[in-house]
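# Understanding the architecture of this molecule
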Amino acid sequence: MTETVMIVGVGGQGTLLASRILGYVMMKKGLDVKISEVHGMSQRGGSVVTYVRYGDKVYSPIADLGTADMIISFERLEAARWLPYLKQGGKIVMNTQKIDPMPVITGVSEYPDDIEDNLRGKGICVTAVDALSLAEAAGTAKAVNTVLLGVCAKQSGFSRDMFYDAIENTVKPKFIEINKKAFDLGYDAG
Amino acid sequence: MRKLMLGNEAIAEGIYESGCKIVSSYPGTPSTEITEYAAKYDEVYTEWAPNEKVAVEVAVGASIGGARAFSAMKHVGLNVAADPLFTSAYTGVNGGLVIAVADDPGMHSSQNEQDSRHYAIAAKIPMLEPADSGECLDMTKKAFELSEKFDTPVLLRLTTRISHSQSIVETGSKIEYVQKPYKKNAEKFVMVPANARSRHAFVEDRMERFAEFSETCEFNFIEDNKKPVGVICSGICYQYAKEALGDSVSYLKLGIINPLPIQLIHDFAAKCEQVYVIEELDPVIETWCRKIGVDVKGKECFTLLGEYSSSMIKEVLTGEKASYCDYDASVPVRPPVLCPGCPHRGMFYVFKKLGLMVNGDIGCYALGIAPPLASIDTTVCMGYSVSGIHGFDMATDKKVKSVAILGDSTFIHSGVTGLINIAYNKGTSTVVILDNSITGMTGHQQNPTTGLTLKGDPTVAVDVESLCRSVGINRVTVVDPYDLEKVEEVLKEETAIDEPSVIIARRPCILLKTAKILPPKVIDPDKCKGCKACLKAGCPCISFKDKKAAIDPTLCVGCELCEKLCKFDAIGGNRQ
């Protein structure tokens, strides 16, 4: 069986690193892994998505509608946007941070204000955390990604050690400790 | 070693393991990381060329010199490099020559959706197409061998999902490649008509021999699941099909996509009652199947547009639709935007204010199309802005005030030739070079104006002002794009004058380490009148809440553009 985690957010939020850490963990578990990334134009503040898929044998690097086991959303609105990819019974891990997209800034569209309730109203298990504050507590706002991985690890029943090892092998040496701390804060909040 | 690798990274590993000596490329999504990863190997010389034509010519020269050589580009880059490509098919190689071309179905970061497989057919060059990172490595290595065995350049075709997906790769070790000696061989390398005629005959013969090879090559294989339905596919579509259909159909997976096999396809079709060809973009394999008399279903079931998915394939072949849960309300779109503090933003603000017709180009500044800046009139291809404005200005007799805009890297790529044309042919256009000291959109590559090589070593930098003057532009002005008053003044002056001019708007990309990041700005809610003047900057940091503007301190880099737009002095005081 192939499991799928989608990591969605706004270009520049560090979704790529999160997907690489998670992918590393799954590879070390001896599983087949595929990760699909976004580079280029969409990275500039647009809606971005990476897919991490793992199992005995993975074919497609991207997920289909209604197939993701978990969506880790780095921003509230993005959880709503990518909802159609969640499978029935799938979980959402959501950063409560709100980043207005340009059509909201220019007044063309409105930012929906009840996303969390709306998702829960559909019977979806949503874990909402203020990852930005936790990341800042860990030492840098940039660590939102590892905070959310901590939440994901707790929700999925993965051990901390596997992620420590992955962080040590994917993050630049001077940021390892801060990322481990951020991961722990997320794990404890998850 | 077992490693998770991007497709592009695995190709770089293949370059290294093959003993390739020279890599010359021009950045372009989704191909850029191939050359960046190749640069991490000390044994491989890598460089950014000014454009793809130069890059391929460097690689051809290196091959003639006897080394294994490589060049990577995006699909539209191959248009630029098409000239050397077609004739290198005739000259063939000395050291192995491999050219990677990355298509972008769905146009994640491109201006068109062209299918590079047509180039392989038109230029009569063999083409391989990997379906995951492991194949990226294997096929790169094989491509060098085949290049030498068949005396031909070899094309490696990628798509975004192959280039930008990671999968597990088993890396090997570097071979000790013995460089070929250079021997003068005018019949082979001097393509004057008399020689080219005999080389053309060689090319036709070579493609016949390669076609025979593709019948039995391990990259083309049948997975016979003893099912009535068969699927012919290559690249990422193989993965989508396997995901969607599993063992419920048989597969013919093609790794060599030019020249395509004949007997293998007939043998496969004979095992099945119905054969589908599943290929993104154009019906290349389908057309071939029909030509050799194999009845297949293809584009009557599948679209010519965009990317495919496993759910799309499943629905076509089984009728089974994906079930999913929609969000109850409409979700505002989130298009990409110019970054907070981007030096281009002030320029677009003034272009719009002055109502200029803006000939755009390829780069981050294409994002100036989005509201509220919405100030680009055209985007066609690299360098178009400078050539296009000359035609536009002549057609409109300059009754429409216009500018051409392009970045530093794009100017060197193919803007400078357009500028020579303007000067030489007595044009009067105004060209604005948005010099942010880097190739931005593709993720910060050095270029001939930055003074650094791909590997970060100091080198000579093109003096853009002198270059513009030397081609015959007498009016060259440098402005700081953050200085809105000056920008407006210079633009008014240069677009009014009956002489060609260049305005260089110079400030480093805000994402560069050398850019100054200041503490975020704050809005004094008592002074803010809610006039929304600051929102006209189209900055993602500023939003409008409770009839007042607000700045997101986590995004703001303190660039002061909004401060300059506020008439009520409500924005200021960097937050510490």
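Residues numbered from 1 in each chain as written. Chains lettered and ligands numbered in written order. Predicted model: local features only at pLDDT ≥ 70, side-chain atom pairs only at ≥ 80, totals over all residues. Heavy atoms only, no water.

### Looking at the interface of chain B and chain A
Note the threshold: Contact criterion: two residues are considered in contact whenever any of their non-hydrogen atoms come within 4.5 Å of each other. The term buried area denotes the loss of accessible surface (1.4 Å probe radius) that occurs when two parts are joined, taken as the sum for both partners. Take a side-chain nitrogen of Lys or Arg and a carboxyl oxygen of Asp or Glu: if they are within 4 Å of each other, that pair is a salt bridge.
Contacts between the two partners involve 59 residues from chain B and, on the opposite side, 56 residues from chain A. With both chains or domains summed, chain B and chain A bury close to 4,800 Å², and 59% of this area falls on carbon and sulfur atoms. For chain B, the biggest contributors to the area lost against chain A are Tyr327, Pro332 and Arg334 of chain B; these three give 18% of the whole. One can count five salt bridges joining chain B with chain A. As a salt-bridge pair, Glu75 of chain A and Arg334 of chain B come within 3.0 Å of each other at their nearest N and O atoms.

### Quick look at the domain arrangement of chain B
Residues and elements named next belong to chain B. Put simply, the test is: Each domain's extent is set by a domain assignment, obtained either automatically or from a database. Definition of a polar contact: a pair of N or O atoms within 3.5 Å, with one able to donate and the other able to accept a hydrogen when the atoms are protein atoms, and with sequence-neighbouring residues admitted only if both atoms are side-chain atoms. The numbering of helices and of strands both runs from the N terminus, where a helix is a DSSP run of H or I of at least 4 residues and a strand a run of E of at least 2.
Looking at chain B, the domain boundaries give domain 1 (2–216), domain 2 (221–318), domain 3 (344–506) and domain 4 (522–572). When each unit is reduced to the centre of its C-alpha atoms, the spacing between domain 1 and domain 3 is 32 Å. Listed by partner, the interface residues are 19 residues for domain 1 and 17 residues for domain 3. Approximately 1,300 Å² of surface area, both sides summed, lies buried where domain 1 meets domain 3, with 58% of it carried by carbon and sulfur atoms. Counting the surface domain 1 buries against domain 3, the share from its top three residues, Tyr26, Trp48 and Gln111, is 39%. Summed over the shared surface of domain 1 and domain 3, the result is zero salt bridges. Inspection of the domain 1/domain 3 interface yields seven residue pairs in polar contact (both at pLDDT 80 or more). Among the elements of the structure, helix H2 (32–38) and strand E3 (45–48) are those that each provide at least two residues to the side of domain 1 that touches domain 3.

### Considerations on unusual backbone geometry
Residue and element names in this part refer to chain B. The linkage connecting Thr29 with the following residue, Pro30, adopts the cis geometry, with an omega of 10 degrees. You can see Pro30 is positioned in the loop between strand E2 (22–25) and H2. Not every positive phi belongs to a glycine, and Lys426 is a case in point at roughly 60 degrees. In this structure, Asp546 takes a positive phi of about 50 degrees despite not being glycine. Relative to the helices and strands, Asp546 is located in the loop between strand E20 (542–545) and strand E21 (548–551).

### Some details on the pairing of strand E5 (residues 86–95) of chain A
Residue and element names in this part refer to chain A. The test is simple: Strand pairing is assigned whenever DSSP detects at least two bridges linking the two strands. Think of it like this: strands point away, you trace from the first strand over the helix to the second, and a clockwise trace means the crossover is right-handed.
Pairing geometry for strand E4 (residues 68–73) and E5, over five bridges, is parallel. Looking at the pairing, Met70 lines up with Lys91 of E5. Taken together, E4, helix H2 (residues 76–82) and E5 constitute a β-α-β crossover, and its handedness is right-handed. Where E5 lies against strand E6 (residues 125–129), five bridges are found, and the strand directions are parallel. Looking across to E6, one finds that Val93 is bridged to Thr127.

### A closer look at the sheet that holds strand E11 (residues 250–254) of chain B
Residues and elements named next belong to chain B. Operational definition: Note on geometry: axes are lines fitted to C-alpha atoms, helical ones only across the stretch in contact, with angles between N-to-C directions running from 0 to 180 degrees.
Reading across the sheet, the four strands line up as E9-E11-E10-E13 and stay open at both edges, with mixed pairing between neighbours. Strand pairing shows two members of the sheet lacking a second neighbour, strand E9 (221–223) and strand E13 (274–278), which therefore form its edges. Averaged over neighbouring strand pairs, the angle between their axes works out to 20 degrees when direction is ignored.

### Considerations on the pairing of strand E3 (residues 47–55) of chain A
Residue and element names in this part refer to chain A. Using the following cut-off: Burial here depends on accessible area, computed with a 1.4 Å probe over protein chains only, as a share of the maximum for the residue type. Under 20% is buried, over 50% is exposed, and the range in between is partly exposed.
Counting buried residues along E3, nine of its nine residues qualify, which places the element largely inside the surrounding structure. Of the two faces of E3, the one lined by Ser47, Val49, Tyr51, Arg53 and Gly55 and the one lined by Val48, Thr50, Val52 and Tyr54 are each fully buried. Judged from the eight bridges that link them, strand E1 (residues 3–10) and E3 form a sheet pairing that is antiparallel. In the strand pairing of E3, Val10 is matched with Ser47. Relative to E3, strand E2 (residues 32–36) runs antiparallel, the two sharing five bridges.

### Section: the packing of aromatic side chains
Residue and element names in this part refer to chain B. Note the following rule: Classification of ring pairs uses Phe, Tyr and Trp, with its six-membered ring standing for Trp, and accepts pairs whose centres are within 6.5 Å; under 30 degrees between planes counts as stacked, over 60 as edge-to-face, and the remaining range as tilted.
Under the counting rule described, the total for this entry stands at 15 aromatic pairs over all chains. With a centroid separation of 6.5 Å and 40 degrees between ring planes, the pair formed by Phe70 and Phe144 is classed as tilted. One end of the pair, Phe70, is in strand E4 (residues 69–74); the other, Phe144, is in helix H7 (residues 133–150), and 74 residues separate them in sequence. Phe144 carries the same exposure label as Phe70, and that label is buried. Ring geometry for Phe221 versus Tyr238: centroids 6.3 Å apart, planes at 85 degrees, classification edge-to-face. Within this pair, whereas Phe221 is found in strand E9, its partner Tyr238 is found in helix H11 (residues 236–245), the two being separated by 17 residues in sequence.

### Side note on the environment of Asp546 of chain B
Classification of Asp546 of chain B by relative accessible area gives exposed; the value is 75%. Separated by 16 residues in sequence, Asp546 of chain B and Gly530 of chain B have C-alpha atoms that sit 9.0 Å apart.

### Remarks on the pattern of salt bridges
Residue and element names in this part refer to chain B. The final tally for this structure, using the stated rule, is 47 salt bridges over all chains. Between Glu286 and Arg290 there is a salt bridge whose closest N-O contact spans 2.6 Å. With Glu286 and Arg290 both in helix H13 (residues 284–291) and four residues apart, this pair spans about one turn of that helix. By relative accessible area, which is 40% here, Arg290 ends up partly exposed. Within this structure, Asp103, Asp115, Arg117, Glu129, Arg157 and Glu279 form a network of salt bridges that share partners.

### Observations concerning the sheet that holds strand E5 (residues 97–103) of chain B
What the seven strands build is an open sheet, ordered E3-E2-E4-E5-E7-E6-E12 (chain B); its pairing is mixed. Looking at strand neighbours, the two that pair on one side only are E3 and strand E12 (256–258) of chain B, the edges of this open sheet.

### A few points about the confidence of the model for chain A
Short version of the rule: What pLDDT reports is the predictor's confidence in each residue, on a scale of 0 through 100.
Put simply, chain A has an average pLDDT of 94, and 98% of its residues get 70 or more. The element-level mean pLDDT for chain A is lowest in helix H3 (residues 102–105) of chain A, coming to 91, with E4 of chain A highest at 98.

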